[in-house]
Amino acid sequence: MSGHTENEITIAAPLDLVWDMTNDLENWPQLFSEYAAVEVMAREGQKTTFRLTMHPDENGKVWSWVSERTTDRQGLTVRARRVEPGPFQHMDIRWEYSEVPGGTRMHWRQDFAMRPDAPVDDAWMTDNINRNSRVQMQLIRDKIEQRDRERRSASVPAN
């Protein structure tokens, strides 16, 4: 068995701003509520290898793993995978961006499978990822839309 999730949100902001903010790995701890730290380990062209560290969970455990992320600005896609899969047999992620009326659509797809000895199964993790993706996407939307409002008001000359 395996897990699969798809979540999307429309952000009332220009595509360039959405792309830039969501692909600025070093600032993910300010963009996502779940990440405590990001350590960029290597960059090769459009591929970045980095360590993500989460805030402690309800039991005080800190989860951390290494991922690879490859951006395709022209194709408006990002592909990522966990290099250190931890409790996952594999975790593959694809983000897609598109301009839509009213802003930018951001679509996240995750395909994964939990290891047999993982503390949770695929169904549990699917529900968890779906629930958390919605929360994170709404936070990201709100922060990007706020930044867009600030940029626009700063560029309006005072009378």
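Here the structure is shown first, and the text comes after it.
Residues numbered from 1 in each chain as written. Predicted model: local features only at pLDDT ≥ 70, side-chain atom pairs only at ≥ 80, totals over all residues. Heavy atoms only, no water.

*Asks:* What am I meant to see in the overall build of the chain here?
*Replies:* On a plain count of helices and strands, the chain comes out with 3 helices and 7 strands. If you list the helices and strands of the chain from N to C, you get β-α-α-β-β-β-β-β-β-α. For 159 residues, the compact-globule estimate of 2.2 N^0.38 gives 15 Å, and the C-alpha radius of gyration of the chain, at 17 Å, lies within 12% of that figure. Taking the principal axes of its C-alpha atoms as reference, the chain extends roughly 65 × 35 × 30 Å. For the chain, the proportion of its 159 residues judged to be buried stands at 42%. Nonlocal contacts in the chain, meaning residues at least 24 apart in sequence, comprise 50% of its contacts between residues at least 6 apart. Charge separation in the chain, taken as the distance between the mean sites of 21 positive and 26 negative side-chain charges, equals 2 Å. (Helix = DSSP H or I, 4+ residues; strand = E, 2+ residues; numbered from the N terminus. Rg over C-alpha atoms; globule rule 2.2 N^0.38 Å. Buried < 20%, exposed > 50% of the residue type's maximum accessible area, 1.4 Å probe, protein only. Contact = heavy atoms within 4.5 Å. Lys, Arg positive; Asp, Glu negative; His and termini not counted. Charge placed at Lys NZ, Arg CZ, Asp CG, Glu CD.)

*Asks:* It is not clear to me how the side chain of T104 should be interpreted in this structure. Could you clarify?
*Replies:* For T104, the position within the fold is in strand 7 (residues 103-114). With residues up to four places along the chain from it excluded, the contact list for T104 reads I9, T10, I11, A13, P14, L15, V18 and S98.

*Asks:* It is not clear to me how the pairing of strand 5 (residues 77-82) should be interpreted in this structure. Could you clarify?
*Replies:* As paired elements, strand 4 (residues 64-72) and strand 5 share 6 bridges and run antiparallel to each other. Following the sheet pairing, R69 is matched in strand 5 by A80. Linking strand 4 back to strand 5 in an antiparallel pair, the connection comprises 4 residues, with L76 at a positive phi of about 55 degrees. The turn linking strand 5 back onto strand 6 (residues 88-100) is made up of 5 residues, and G86 within it adopts a positive phi angle of 60 degrees. (Pairing = 2+ DSSP bridges.)

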